[in-house]
Amino acid sequence: LGCPFVTSDGLANLCGLKNLCRMQISGDRLDDALPSFLSKLPKLVLLEINSKNFTDKGFADLKKIANLQTLTVSSPGVTDRSLTFLKDMKNLQTVNFEQCNFSRDFGLKFQPARKLYGLSLIGQRSFSVASAKALSKTNIAILNLKGSAIFDDQLIALAQLKNLSSLNIEGA
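Residues numbered from 1 in each chain as written. Predicted model: local features only at pLDDT ≥ 70, side-chain atom pairs only at ≥ 80, totals over all residues. Heavy atoms only, no water.

**Things to note about the sheet that holds strand E6 (residues 142-144)**
- Strand order across the open sheet formed by 7 strands is E1-E2-E3-E4-E5-E6-E7, with parallel pairing between neighbours. Strand pairing shows two members of the sheet lacking a second neighbour, strand E1 (22-26) and strand E7 (166-168), which therefore form its edges. Direction aside, neighbouring strands of the sheet carry axes that sit 5 degrees apart on average.
- As paired elements, E6 and E7 share 3 bridges and run parallel to each other. Within the sheet, the bridge partner assigned to Leu 143 lies in E7 and is Leu 167. (Pairing = 2+ DSSP bridges. Helix = DSSP H or I, 4+ residues; strand = E, 2+ residues; numbered from the N terminus. Axes fitted to C-alpha atoms, helices over the stretch in contact; angles between N-to-C directions.)

Take a look at the structure:
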């Protein structure tokens, strides 16, 4: 369930929780100011954000969360541009995107952090062979494309993912 009355500014009151390591937040009043306070939580390793008002600008600032390992973002305000910021998230291991607004050629902008091994693109309407080829040049071991439109050409390109140990293409 979402928290319809909680704002990013209101969440700033939690900055004193120095042992907080996991946070799941949802609400339409959450915006790009969110990362400024989250960066003050030194043990935060897992973050889930669900807000239609969270955009590429806020995503860029997530790099300030030094120990972040797992990130889930669900927002139509997140586009291909956010994929270029992944490289700045040094400890990120898994990233999950749901209901984001990626183009068919999103893979051409995908710049993963060195430690990133898990990628989830749930409900990606479609993606190009070029995107699949770009993904195949990464070290992704876990790939979840549930609900995405996938064709044989994309599978041929994804077959080049040498570290792949788990693939979900159900409902594609």
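Back to the write-up after that little detour.
**Considering the nonpolar core**
- Residues Leu 47, Phe 59, Leu 71 and Phe 97 are the most contacted members of the largest nonpolar core, which totals 46 residues.
- Sort the elements by how many residues they give to this core and helix H2 (residues 34-38) lands first, with 3 residues.
- When residues no more than four places from it in sequence are discounted, the contact partners of Phe 59 are Phe 54, Leu 71, Val 73, Val 78, Ser 82, Phe 85, Leu 86, Met 89 and Phe 97. (Core = buried A, V, L, I, M, F, W, Y, C linked by side-chain atoms within 4.5 Å. Buried < 20%, exposed > 50% of the residue type's maximum accessible area, 1.4 Å probe, protein only. Contact = heavy atoms within 4.5 Å.)

**Let's talk about the pairing of strand E5 (residues 118-122)**
- The element E5 is largely enclosed, with a buried count of 4 among its 5 residues.
- Where strand E4 (residues 94-98) and E5 come together, 5 bridges link them in parallel fashion. For Thr 94, the partnering residue across the bridge sits in E5 and is Gly 118.
- Here 3 bridges tie E5 to E6, and the two strands are oriented parallel to one another. Looking at the pairing, Ser 120 lines up with Asn 144 of E6.
- For the crossover that starts at E5, traverses helix H5 (residues 129-135) and ends in the parallel E6, the hand is right-handed. (Right-handed = clockwise from strand over helix to strand, strands pointing away.)

**Focus: the packing of aromatic side chains**
- Applying the stated criterion across every chain, the model contains 4 aromatic pairs.
- Here the aromatic residues Phe 59, Phe 97, Phe 102, Phe 106 and Phe 127 are joined through ring pairs into a cluster of three or more. (Phe/Tyr/Trp six-rings, centres within 6.5 Å; stacked < 30°, edge-to-face > 60°.)

**Here's the deal with the side chain of Asp 56**
- Here Asp 56 shows up in helix H3 (residues 56-61).
- No salt bridge is formed by the buried Asp 56; its nearest oppositely charged neighbour, Arg 81, is found at 4.9 Å.
- There is a polar contact of 2.5 Å between the side chain of Asp 56 and the side chain of Ser 82.
- Dropping the residues within four chain positions of it, Asp 56 is found in contact with Gly 77, Val 78, Thr 79, Arg 81, Ser 82 and Phe 85. (Lys, Arg positive; Asp, Glu negative; His and termini not counted. Salt bridge = Lys/Arg side-chain N within 4 Å of Asp/Glu carboxyl O. Polar contact = N/O pair within 3.5 Å; in protein donor to acceptor, adjacent residues only side chain to side chain.)

**Quick notes on the pairing of E1**
- In E1, alternate side chains face the same way, and those of Met 23 and Ile 25 are buried while those of Arg 22, Gln 24 and Ser 26 on the opposite face are not.
- Here 5 bridges tie E1 to strand E2 (residues 46-50), and the two strands are oriented parallel to one another. Its bridge partner being in E2, Gln 24 is matched across the sheet by Glu 48.

**Things to note about the environment of Asp 152**
- By the element assignment, Asp 152 lies in helix H6 (residues 152-158).
- Distance from Asp 152 to Val 129, taken between C-alpha atoms, is 9.5 Å for residues 23 residues apart in sequence.

**Structural notes on the environment of Phe 106**
- Looking at where Phe 106 falls in the secondary structure, it is placed in the loop between E4 and E5.
- Judged by its relative accessible area of 1%, Phe 106 falls in the buried class.
- Placed 24 residues apart in sequence, Phe 106 and Ser 82 show a C-alpha to C-alpha distance of 9.9 Å.
- Look past the residues within four positions of Phe 106 in its chain and what remains in contact with it is Asp 80, Leu 83, Leu 121, Gln 124, Phe 127, Ser 131 and Leu 135.

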